[in-house]
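This is what each chain is made of:
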Amino acid sequence: MTPERVAAGHLPGLAAADVQWHTLAFGAGGARVEVDVPVLTGGQMQALARRVKAASREHLQPLAVSRIVQIVDAAIARLLDPRDPYRRQAERLLPAITGYDAEMVRLGLSSYLQTFRAPQLHRFVAEDFANPKVLDEFQPAAKGGAVRAFGPELLVHSWAGNVPALPVWSLVCGLLVKAGNIGKLPSAEPLFASLFARLLAEVHPPLAECLAIVWWQGGDRAASDALFAQADTVLAYGGNRAIEQVRQQLPVTTRFLPYGHKLGFGLIGRAALDSQRAAATARLAAHDVVRYEQQGCYSPHLFYVERGGRVSPREFAQYLASELANLQRRYPRRALALEDAAALAGWRQASELRTLAAGGGELLGAGDVAWAVAYADAPQPLAPTAGHRSIQVVAIDRLDDAVALVAPHASFLQTAGIAAEPAELFRLSALLGRAGVTRVAAVGSMTAPEAGWHHDGRFNLLDLVRMVEIEQSAERAADRLAPYAQEGGA
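Residues numbered from 1 in each chain as written. Predicted model: local features only at pLDDT ≥ 70, side-chain atom pairs only at ≥ 80, totals over all residues. Heavy atoms only, no water.

A. Quick peek at unusual backbone geometry. Phi at A165 takes a positive value of approximately 70 degrees, unusual for a residue other than glycine. For A165, the position within the fold is in the loop between β6 (154-158) and α6 (167-176). (Helix = DSSP H or I, 4+ residues; strand = E, 2+ residues; numbered from the N terminus.)

Printed below as a string of C-alpha cells:
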C-alpha cells in the first residue's frame, strides 16, 4: 500500500523549496503515513523568530482578548465539525500516526476540543485574571494606581507527543496572552499542531504570521540554540530527562515553565462499593485507564480501594478486569513497540512475583490479553505500571491510609480520582493537597481536565505574563502637570 504523504509545520516567510525536509514514517492498522517535517538552519530559525515577533506586535497585540477568543472559537468549531476537511484529515491520519483506535481518537478529540469553545475560554481567562481587560489596557488596581498584563514577545513551546492534539492547550494560552508563538513538533505526533496553525491562519489571516510550527532532530543545537536565544519564555512538556535537556540550553534570564512526568492514582471509598455502584465505578475507572493507554500525565496507574463495602477490593479488581475486557472489544489497544511490550511483560512478571511473595494477591489478565489488573491485598506504595492498560488495585483499611503511601512521591503527584461521599471528598482533598496532589477529579474524568484547571498547580496564563504597574504616586504627579492643574493654580 502506498503511504499517504503530508507536510507538517507552519513557516511564515519561508518557501518550502528553501527548507530541508525530513520524513517521519508511521503505520498502524494497515494504514501508512509519511509526514515531512521541516529542518531549519540556525539562520532560518533566527529569522523566523524575528518575523513572528514583529508580526505579533503588529497584528496580535492590538487585538482585544475577547476578539482572540472569537477567533479560537471559530477554529475549534471547524475542528468539531465532522464534515470539515481539517477534522476529516485528523480523524484519518491520527490513528495511523499514533496507533490509537480510530473511534477512541474521534471521541477523544471531540471531548478535548470542546474545552476550547468561547464560554470555556472566557472562564479560562477569568480563572487567572479577575479583570480580563488587564490583557488589553491598564485597569484600576485594588491597591490604587493601575495595572496591565503583557505576554512575552516570543513564547516557545516544546511539545510531547503522548496524547493527540495536546499542543492546542499551550498554543491557545500563548494566543490569549498575545505572545508570538513558535512550537516544536514532537516526532511521535507531528500532525495536529500543524493543522491547527493552518486553520487559525484561514480563520484570521493576520495570525498566519504570528505563529510558527517547527521541528528539529534531537541534538540539533544549531536550530534549538538559535530559537531559545530569541525566546522570553519557554514551555516544555515531556519526560524529566527531555525537560532537563531543554533547561540546560536556555539562557539564565529566560523564564522556563516545565511540565514533566507525573503519576495519577484513584481512591475508591466504601460508599462507591455497594451492589449498585461498584460496577458503575469500575466502568468509569476502566475508561480512565483505557483513554490514550495511560500516556497522559493525569492517567491512573493505581487504585486504592477501601475495605468495608458490600463489594470487596478484590471483587472491585475483578469488576475492573471485566470492564477492561469489554473496552478492549470496543477500542482495541494499539500495537506495542518492542520496548513497550518488554516493559509490560516485565511489569506483569514482577507483579506475579510480588503476589507470590506477599500472598493474598492476584494477577488478572495474564497471558496474551491486552490488559492486566494486579491486585494486592496489602498496602503498596504508589509506583508506575507499564501503562498500556496495566493497572494496580490495592486494598486499604481506610482511605486516609493512601496519603502516607503517595506522599513520598510528592514531586510526581498531580491528579487523584476520588469516588467518595461529599464530606470525605473535601477532607481527603485537603490531605492529598498537603501531600502534593494538585488536581482532584471524579473517577471517570481523570483524563479529561476541565477548562481553566491549574496544570501542575500553576496558573496557565498568569505564569506567562509580566504585570506592569502605574503607582498612585505617578498618577498624582501626572495630575499636577495637567493643564487643568496649572489653570487651577493661576
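B. Representation of the sheet that holds strand β3 (residues 31-39) in the model. Across the sheet, which stays open at both edges, the three strands sit in the order β1-β3-β2 with mixed pairing between neighbours. For this open sheet the edge positions go to β1 (4-7) and β2 (20-28), each flanked by a neighbour on one side alone. Averaged over all pairs of adjacent strands, the angle between strand axes in this sheet comes to 25 degrees, irrespective of strand direction. Note that β1 and β3 share four bridges and pair parallel. Residue pairing across strands places V6 opposite V35, the latter belonging to β3. (Pairing = 2+ DSSP bridges. Axes fitted to C-alpha atoms, helices over the stretch in contact; angles between N-to-C directions.)

C. Expanded view of the layout of surface pockets. If you add up the space inside the second largest pocket, you get close to 620 Å³. Residue lining of the second largest pocket: 26 residues in total, with I97, T98, G99, R334 and A335 positioned closest to the centre. Looking at the lining of the second largest pocket, the elements that each hand over two or more residues are β2, α3 (85-98) and α12 (338-358). The element that contributes the greatest number of residues to the lining of the second largest pocket is α3, accounting for five residues. Per-class residue counts for the lining of the second largest pocket are twelve nonpolar, eight polar and six charged. (1 Å grid on protein atoms, 1.4 Å probe; cavity = no way out; pocket = protein on both sides within 12 Å on 5 of 7 lines; lining within 4 Å. Points joined across faces, edges and corners; volume = space filled by probe spheres on them. Nonpolar A, V, L, I, M, F, W, Y, C, P; charged D, E, K, R; others polar.)

D. Broad picture of the packing of aromatic side chains. As enumerated under the stated definition, the model contains eight aromatic pairs in all. Note on F116 and W169: the rings are 5.6 Å apart at their centroids and 75 degrees apart in plane angle, and the pair reads as edge-to-face. Separated by 53 residues along the polypeptide, F116 in the loop between α4 (102-113) and α5 (118-128) and W169 in helix α6 bring together distant segments of the chain. When sorted by exposure, F116 lands in the same class as W169, which is buried. Three or more aromatic residues link up through ring pairs in this structure, and these residues are Y112, F116, F124, W169 and W453. Of note, R439 hangs over the ring of W453, and the distance from its end group to the ring centre comes to 5.4 Å. (Phe/Tyr/Trp six-rings, centres within 6.5 Å; stacked < 30°, edge-to-face > 60°. Buried < 20%, exposed > 50% of the residue type's maximum accessible area, 1.4 Å probe, protein only. Lys NZ or Arg CZ within 6 Å of the ring centre and 35° of its normal.)

E. Molecular detail of α4. In a regular helix each residue adds 1.5 Å, so twelve residues correspond to 16 Å; α4 covers 16 Å between its end C-alpha atoms and thus fits that length. Inspection of α4 places M104, V105, G108, L109, S110, Y112 and L113 among the buried residues, and these make up the whole buried set. Looking at the packing, one finds that the buried side of α4 touches α2 (65-79), α3, α6, α7 (192-203) and α10 (277-290). Two or three places before E103, at the start of α4, stands the capping residue D101, its side-chain oxygen 3.1 Å from that residue's backbone nitrogen. (Expected span 1.5 Å × (residues − 1). Contact = heavy atoms within 4.5 Å. Polar contact = N/O pair within 3.5 Å; in protein donor to acceptor, adjacent residues only side chain to side chain.)

F. Molecular detail of helix α9 (residues 240-249). For α9, the set of buried residues is I243, V246 and Q249. Around the axis of α9, the buried residues are gathered within 125 degrees of arc, so they sit on the same side. Turned more than 90 degrees off the buried face of α9, the exposed positions are R241 and Q248. Contacts made by the buried residues of α9 are with β6, α8 (221-228), β9 (233-237) and β10 (255-259). (Arc of directions from axis to C-beta.)

G. Molecular detail of the pattern of salt bridges. Within this structure, the stated rule accounts for 29 salt bridges. A salt bridge links D36 to R5, with the nearest nitrogen and oxygen atoms 2.9 Å apart. Taken together, the residues D36 in strand β3 and R5 in strand β1 connect sequence positions 31 residues apart. In this structure, a network of salt bridges that share partners links the residues R398, D400, D401, E424 and R427. (Salt bridge = Lys/Arg side-chain N within 4 Å of Asp/Glu carboxyl O.)

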